[in-house]
Amino acid sequence: MAAIKNITVFTTTTCAYCPMVKEWLSKKGLEYEEAVLDKDPARQQEMIDKSGGMTVPVTLVTREDDTEQIVIGFNPGQLASATAQG
Amino acid sequence: MAKQTIFYGAHWCPDCDRVKKWLGEHDIEYTFKNTDDSQDIVDEMLEKTDGKHLIPTLDIDGTVVQNPSASELAELYDVSEEATENYHDIVTVGAGPSALAAAIYTTREDLDTVLIEKGVVGGLAAVTDKVDNYPGFPEGVAGLKLAEDLRAQAERFGAQIELGEVTEIKDEGQYKRVVTSDGDFLSRAVLIATGSDYKKLGIPGEEDFYGRGVHYCATCDGAFYRDKKLIVVGGGNSAAQEGLFLTKFASQVDILVRSDQMRASDVLVEKVMSHDKINVHFNTTTEEIVGEENKVVKVIGHDKKTDKDVEFETDGVFVFIGLKPNTQFLQNSDVELDDIGLIKTNRTLETAIPGVFASGDVRSGATMQIASAVGEGATAALMMREYLEAGDQELYS
């Protein structure tokens, strides 16, 4: 499995599940970029295109070989498999 | 056969706590005799120690040691010095208001407490836009802010929060084994405070458009519906509160209420009924969610008075039709549930498994209020402390 190139977390400021995803990633020592969609509406379409939905949080894990994995919502099990190393 | 251990100690003694923790970390059971309880216990201990008054004193199958180090214990029990179990005095399943309130109390009693949360710390309160009936906040408080403050208060006293999902609770006697997606936790008392989740409608289209027009969290997803038309399904406090929140974004909110009145509080009903962006449709059931090209376009309802179907054009649907308890993981356990899946407890909030307690929305008889959940959490904490002080004396008696 290719190494992780970057992780993007799509959030809104009022969403309580969003900080949980960020906390989970931080506890695992994983760096991420955050797109706050109510402050940065330009990125909404990107999230909708990637996830096919209008719900947050959405976590996009991109690997060095440009494969992408999406986790919708705060789901520790899915986050663990999407960010698995090695 | 496991060695029998009699533990002479007191609840104020830090070295007693240290040794208890070590025993827990090695899954070793013991009978605790509190030297503060009676002179008889003190005399019994002094007889074994040749008059030397020092706690903790352990009688391990007749071998008596006083204030043993970890390496001495490892040798006596013939086990490794390192912990083999992730042990805590108390494990709470869930980290909503009830568990956080309990943790504030238990950690202040120096009980090592870990909370395991699979969703959001603060529970349903955290995803509620505004909480207006929690005492002490004259202007109301944002649910997320209340959740963050409860968490900060519990963490200030040492509560530890772990993110993971509990799949099983095993009663192993003195210790309870809490099995999670990230490994096991061992504790002497467990609090189940898993709360409840929003119910689904179970109608055509609901699953298909989940997250793409069908939502259960207004504070999460409401912002995607700026200047759009929305349907809210439900007539209780959540439907009213979240319907009002959605007017911050939506151009129009239609609320579909199955009965002829809203069950929400009078204050909320008045706000809803007088809001110029909200229309309430009474006696209207929700039958189908219809989408085209990957998005929701309308909801089909049924007007019970005219006995005719009614259609509502919409861009999204938010569902708040009540709560279902988060007790699926207990289906095959000895914890007793009532007809709707809520946990049965006795007057001390203890479940059918001794040492396993329940509080908040998940408890049979709960009032589904944050203030009540917090109160029950505090009560459960005090009951767990009593259980821990009394319960572990009975092992070999």
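Residues numbered from 1 in each chain as written. Chains lettered and ligands numbered in written order. Predicted model: local features only at pLDDT ≥ 70, side-chain atom pairs only at ≥ 80, totals over all residues. Heavy atoms only, no water.

Let us now look at the nonpolar core. Residues and elements named next belong to chain B. Judged by nonpolar contacts, the single largest core of 89 residues is most densely connected at Leu 115, Val 232, Leu 246, Ile 255, Val 272 and Phe 318. Residues within four places of Val 232 in sequence aside, it is in contact with Ala 239, Gly 243, Leu 246, Val 253, Asp 254, Ile 255, Leu 256, Phe 318 and Phe 320. Ranked by size, the runner-up nonpolar core spans 23 residues in total, among them Val 19, Met 45, Val 65 and Ala 74. (Core = buried A, V, L, I, M, F, W, Y, C linked by side-chain atoms within 4.5 Å. Buried < 20%, exposed > 50% of the residue type's maximum accessible area, 1.4 Å probe, protein only. Contact = heavy atoms within 4.5 Å.)

In this section: the sheet that holds strand β4 (residues 63-66) of chain B. All names here are of chain B. Taken in spatial order, the four strands line up as β2-β1-β3-β4 in an open sheet, and their pairing is mixed. In this open sheet, the two edge strands, each paired with only one partner strand, are β2 (31-34) and β4. Neighbour-to-neighbour, the strand axes of the sheet open up by a mean angle of 20°, direction not taken into account. Taken together, the four bridges between strand β3 (residues 57-60) and β4 define a ladder with antiparallel strand orientation. Of the residues in β4, the one forming a bridge with Thr 57 is Gln 66. With respect to the sheet, helix α1 (residues 14-25) is in contact with β1 (5-9), β2 and β3, its orientation differing from that of β1 by roughly 155°. (Pairing = 2+ DSSP bridges. Helix = DSSP H or I, 4+ residues; strand = E, 2+ residues; numbered from the N terminus. Axes fitted to C-alpha atoms, helices over the stretch in contact; angles between N-to-C directions.)

Once that is clear, we can look at the pattern of salt bridges. Oppositely charged side chains can pair when the atoms bearing their charge come close. Overall, the coordinates contain 28 salt bridges over all chains when judged by the stated rule. When the shortest N-O distance is used, the salt bridge between Arg43(A) and Glu46(A) registers 3.0 Å. Of the residues examined, Glu46(A) reaches a relative accessible area of 30% and is grouped as partly exposed. One salt bridge in this structure joins Asp149(B) and Lys145(B), with 2.9 Å as the shortest N-O distance. Remark: Lys145(B) and Asp149(B) occur in helix α6 (residues 143-156); sequence separation between them is four residues, near one turn of the helix. Asp149(B) sits in the partly exposed class, given a relative accessible area of 34%. (Salt bridge = Lys/Arg side-chain N within 4 Å of Asp/Glu carboxyl O.)

To continue, consider the packing of helix α8 (residues 237-246) of chain B against helix α9 (residues 266-274) of chain B. Residues and elements named next belong to chain B. Their axes nearest at 10 Å, the elements α8 and α9 cross at an angle of 45°. The orientation of α8 with respect to α9, classified from their angle, is oblique. Here α8 runs over α9; the crossing is left-handed. Across from Asn 237, Ala 240, Gln 241 and Leu 244 in α8, the residues of α9 making contact are Leu 268, Lys 271 and Val 272. Looking at the contact of α8 with α9 residue by residue, the classes come out as four nonpolar, two polar and one charged. (Parallel < 35°, antiparallel > 145°, perpendicular 65-115°, else oblique. Left-handed = near helix turned anticlockwise from the far one by under 90°. Nonpolar A, V, L, I, M, F, W, Y, C, P; charged D, E, K, R; others polar.)

Glancing now at unusual backbone geometry. Here the residue pair Val56(A) and Pro57(A) is connected by a cis peptide bond, since its omega of 0° sits within 30 degrees of zero. Mapping Pro57(A) onto the fold places it in the loop between α2 (44-51) and β3 (58-63). Cis rather than trans, the peptide bond between Ile55(B) and Pro56(B) has omega equal to 0°. Examined against the element boundaries, Pro56(B) turns out to sit in the loop between α2 (39-48) and β3. The phi torsion at Asp227(B) lies on the positive side, around 60°, for a residue other than glycine. Looking at the element boundaries, Asp227(B) is found in the loop between α7 (218-221) and β15 (229-233). In this model, Glu293(B) sits at a positive phi of 45°, which is unusual for a non-glycine residue. Here Glu293(B) lies in the loop between β18 (284-292) and β19 (295-303).

Time to look at the side chain of Thr106(B). Residue and element names in this part refer to chain B. The residue Thr 106 is located in helix α4 (residues 97-108) in this model. For Thr 106, a relative accessible area of 1% gives the class buried. Leave out the neighbours within four places in its chain, and Thr 106 touches Ile 90, Leu 111, Thr 113, Ala 381 and Met 384.

All names here are of chain B. Its location among the elements puts Arg 363 in the loop between β23 (356-358) and α10 (370-391). In this structure the side chain of Arg 363 is engaged in a polar contact, spanning 3.2 Å, whose partner is the side chain of Thr 345. In this structure the side chain of Arg 363 is engaged in a polar contact, spanning 2.9 Å, whose partner is the side chain of Glu 376. If sequence neighbours within four positions are ignored, Arg 363 has contacts with Leu 342, Ile 343, Thr 345, Leu 349, Ala 358 and Glu 376. (Polar contact = N/O pair within 3.5 Å; in protein donor to acceptor, adjacent residues only side chain to side chain.)

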